[in-house]
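# Topology and contacts: notes
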Amino acid sequence: MKTISESRAFGGVQGVYSHASEACDGEMTFGLFLPEEAQEGPVPVLWFLSGLTCTHENAMAKAGAQGWAAEQGIALVFPDTSPRGAGVADDPAYDLGQGAGFYVNATEAPWSPHFRMWDYLAEELPRLLFNAFPVVEEAQAITGHSMGGHGALTLAMAFPGRFRSVSAFAPIAHPTASDWGRKQFTAYLGADEAKWAPHDATLMMKKRGFDGPLLIDQGASDQFIDLLMPEALIEAIARRRQPATFRIQKGYDHSYFFVSSFMEAHVSFHAEALFG
């Protein structure tokens, strides 16, 4: 693992690191904020998964999470959204290829050699993180924005007991029924829609749900709300009688201004679960 940078922030350290990834068959980069308490011993950790077109850097620089995490004594992990590099398949469209991994393991050409973001986030990066840094494996929570909200919700429901809480900002809530999902799942996973279902938060909510606290914020003026389909996930939550807080925020769009406006509430929400 290589240290790209380490900067003092809110009494702790905001680092950026890269490493050779077996899952993605190439170099991967992630950000990690460690609060001051990590100097004395391991701390709980909150994962933040980013959305379409983002690298590890977008949320790290724009979400305003470090100050709130420092107050609570929580580490933050900012993974990249896809493999990258000259030898990695890409597409001219912003919503496919590099920057648009959709947190799945691709099985179709030309994506399958590198686009294995599910394995990367479910297995490889956690293993590296817990071996190399003072964070507590038994105290994890996860959140994300847009495509990252989709990833956070599906990972949380796929691994019962791993995450003490899950939240999302404007998640892609029903990708098997949306152009933000059907296009990418066809490319990455093929035409068999049965293979898509484990990566759809609405379908996973109907099938399994989440055994823990759940918080979702959605901007009412989100320019992509028809692609996100929050109403499908709301209905699935209600039908399952899943304990959850789903807030429609008047006037807010899809940007990091929206995310940063409610970041304090999300960090506090996770802190209650992580320390409770």
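Residues numbered from 1 in each chain as written. Predicted model: local features only at pLDDT ≥ 70, side-chain atom pairs only at ≥ 80, totals over all residues. Heavy atoms only, no water.

### Quick notes on the overall build of the protein
Within the protein, the regular secondary structure consists of 10 helices and nine strands. Over its C-alpha trace the protein gives a radius of gyration of 17 Å, about what one expects of a compact globule, namely 19 Å for 276 residues. By its C-alpha atoms, the protein is 50 × 45 × 35 Å across when sized along the principal axes. Within the span of the protein, comprising 276 residues, buried residues form 59% of the whole. Pairs at least 24 residues apart make up 72% of the contacts formed inside the protein by residues separated by at least 6 positions. Element-wise, carbon and sulfur atoms account for 50% of the exposed surface of the protein, whose accessible area totals about 11,200 Å². Charge-centre separation for the protein: the mean point of 19 positive side chains lies 6 Å from the mean point of 32 negative side chains. (Helix = DSSP H or I, 4+ residues; strand = E, 2+ residues; numbered from the N terminus. Rg over C-alpha atoms; globule rule 2.2 N^0.38 Å. Buried < 20%, exposed > 50% of the residue type's maximum accessible area, 1.4 Å probe, protein only. Contact = heavy atoms within 4.5 Å. Areas by Shrake-Rupley, 256 points an atom, 1.4 Å probe, with all protein chains shown as cover. Lys, Arg positive; Asp, Glu negative; His and termini not counted. Charge placed at Lys NZ, Arg CZ, Asp CG, Glu CD.)

### Focus: the environment of Gly190
Residue position: Gly190 is located in the loop between helix H5 (179-189) and helix H6 (201-207). Take Gly190: its relative accessible area is 9%, and that puts it in the buried class. Along the backbone, Gly190 and Ala106 are 84 residues apart, and their C-alpha atoms lie at a distance of 8.7 Å. If we skip the residues at most four places from it in the chain, Gly190 touches Glu108, Phe185 and Trp196.

### Here's the deal with unusual backbone geometry
Ala109 connects to Pro110 through a cis peptide bond whose omega is 0°. Tracing the sequence through the fold places Pro110 in the loop between strand E5 (75-79) and helix H3 (117-132). Unusually for a residue other than glycine, Thr53 sits at a positive phi of about 75°. With a phi close to 60°, Arg241 is a non-glycine residue in the positive phi region. Inspection of the secondary structure assignment puts Arg241 in the loop between helix H8 (230-240) and strand E9 (245-249).

### Notes on the pattern of salt bridges
This structure, assessed with the given rule, holds seven salt bridges. Two residues, Asp80 and Arg84, come together in a salt bridge whose shortest N-O distance is 2.7 Å. Residue Arg84 is classed as partly exposed on the basis of its relative accessible area of 28%. The partner of Glu235 in a salt bridge is Arg239, and the shortest N-O contact between them spans 3.1 Å. A residue pair is termed a helical-turn pair when its members lie 3 or 4 positions apart in one helix, as Glu235 and Arg239 do in helix H8 at four residues. Its relative accessible area of 43% is what places Glu235 among the partly exposed residues. (Salt bridge = Lys/Arg side-chain N within 4 Å of Asp/Glu carboxyl O.)

### Some remarks on the packing of aromatic side chains
Taken as a whole and judged by the stated rule, the model has 16 aromatic pairs. When the centroid spacing of 4.9 Å and the interplanar angle of 40° are considered together, the rings of Trp180 and Phe224 count as tilted. Here Phe224 lies in the loop between strand E8 (214-219) and helix H7 (225-228) and Trp180 lies in helix H5, a separation of 44 residues in the sequence. Ring geometry for Tyr252 against Phe262: centres 4.9 Å apart, planes inclined by 70°, an arrangement best described as edge-to-face. Residue Tyr252 is found in the loop between E9 and helix H9 (256-261), and its partner Phe262 is found in the loop between H9 and helix H10 (263-275); the two are separated by 10 residues along the sequence. Counting every residue linked through ring pairs, the aromatic cluster contains Phe48, Phe78, Phe169, Tyr252, Phe258 and Phe262. Over the face of the ring belonging to Phe159 we find Arg162, whose NZ or CZ atom lies 4.2 Å from the ring centre. (Phe/Tyr/Trp six-rings, centres within 6.5 Å; stacked < 30°, edge-to-face > 60°. Lys NZ or Arg CZ within 6 Å of the ring centre and 35° of its normal.)

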